[in-house]
Amino acid sequence: MTPSPGRRTWRRRRYVLPLAALAVALALAGLTTTRGARAPDAGPLSGGNASVDAGVGMPSLSLGQSFCYGLVVLRNASRRHATLSGVQVHGGRGLRVGPPRVMGPRRSETIGTAESCPVGAKPLRGYVVPPGSGVGDDLGIEVLLPITVVRSGKSRIDGVSVTYTSGRRTYRVDDITNVVACTYRCDARPGGR
């Protein structure tokens, strides 16, 4: 039996309204998802490591022994000043992190890790990172963390976040790292002994 032409048109119209509503809902969901997925303004500083290729190992330390970690290097390729305000260390149970310090953009080298932080290092809080730091031959700003071993065994810092302000906004630069300190001979690789 062949349907009449008027009946076929009614069936099509019956689907138009629900399909239009579905299309509008999907468009709104896509717009909301796109807006939510947009990366926030990262601010003028960059330099955080996105992955760790090698670790820093401090084997055979004694309780109470200190060292300085400094492989967090910040760059400011913008035209805006950035004022450093603090550091958050991720991990590090068994380690005490002292007040963070910085070495300026015109230093001769990056210390990485040393027995102690350089005497000329300045306090991190309130330090202003000038535009152009870390551009060209400039080495950028090195964040230094004085660290003391306060527990026997193995301790690991997985990351460091540096907060700062520029203009009237607060930003954060995350640095993934692998700092291992042991009171025995240990391996700095993730999962190492």
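Quick notes on the rules
Residues numbered from 1 in each chain as written. Predicted model: local features only at pLDDT ≥ 70, side-chain atom pairs only at ≥ 80, totals over all residues. Heavy atoms only, no water. Buried < 20%, exposed > 50% of the residue type's maximum accessible area, 1.4 Å probe, protein only. Helix = DSSP H or I, 4+ residues; strand = E, 2+ residues; numbered from the N terminus. Pairing = 2+ DSSP bridges. Polar contact = N/O pair within 3.5 Å; in protein donor to acceptor, adjacent residues only side chain to side chain. Disulfide = S-S within 2.5 Å.

(A) The pairing of strand S3 (residues 66–76), seen in detail. Burial runs high along S3: 8 of the 11 residues are buried. Here strand S1 (residues 45–46) runs beside S3; their pairing, made up of 2 bridges, is antiparallel. Along S3, the bridge assignment pairs Leu45 with Asn76. In the sheet, S3 pairs with strand S10 (residues 141–149) via 7 bridges, with the strands oriented antiparallel. Looking at the pairing, Ser66 lines up with Thr148 of S10. Direction of pairing for S3 relative to strand S7 (residues 112–114): antiparallel, over a ladder of 3 bridges. Residue Gly70 lies in a different strand from S7, and its bridge partner there is Gly112.

(B) How the structure looks around the side chain of Thr177. In this structure, Thr177 sits in strand S12 (residues 169–182). Separated by 2.6 Å, the side chains of Thr177 and Tyr69 make a polar contact.

(C) Representation of the environment of Val143. Structurally, Val143 is set in strand S10. Residue classification places Val143 among the buried residues on the basis of a relative accessible area of 1%. Residues Val143 and Arg101, 42 residues apart in the sequence, show an inter-C-alpha distance of 6.0 Å.

(D) How the structure looks around the state of the cysteines. Evaluation of the coordinates by the stated rule reveals 2 disulfides. Bridging Cys182 to Cys186, the disulfide has an S-S length of 2.1 Å. Looking along the S-S bond of the Cys182-Cys186 disulfide, the torsion reads about 100°, which is the right-handed sense. Residue Cys182 is classed as buried on the basis of its relative accessible area of 0%. Accessibility expressed as a relative area gives 15% for Cys186, which makes it buried. In the chain, the cysteines engaged in disulfides, taken in order along the sequence, are linked 1-2, 3-4.

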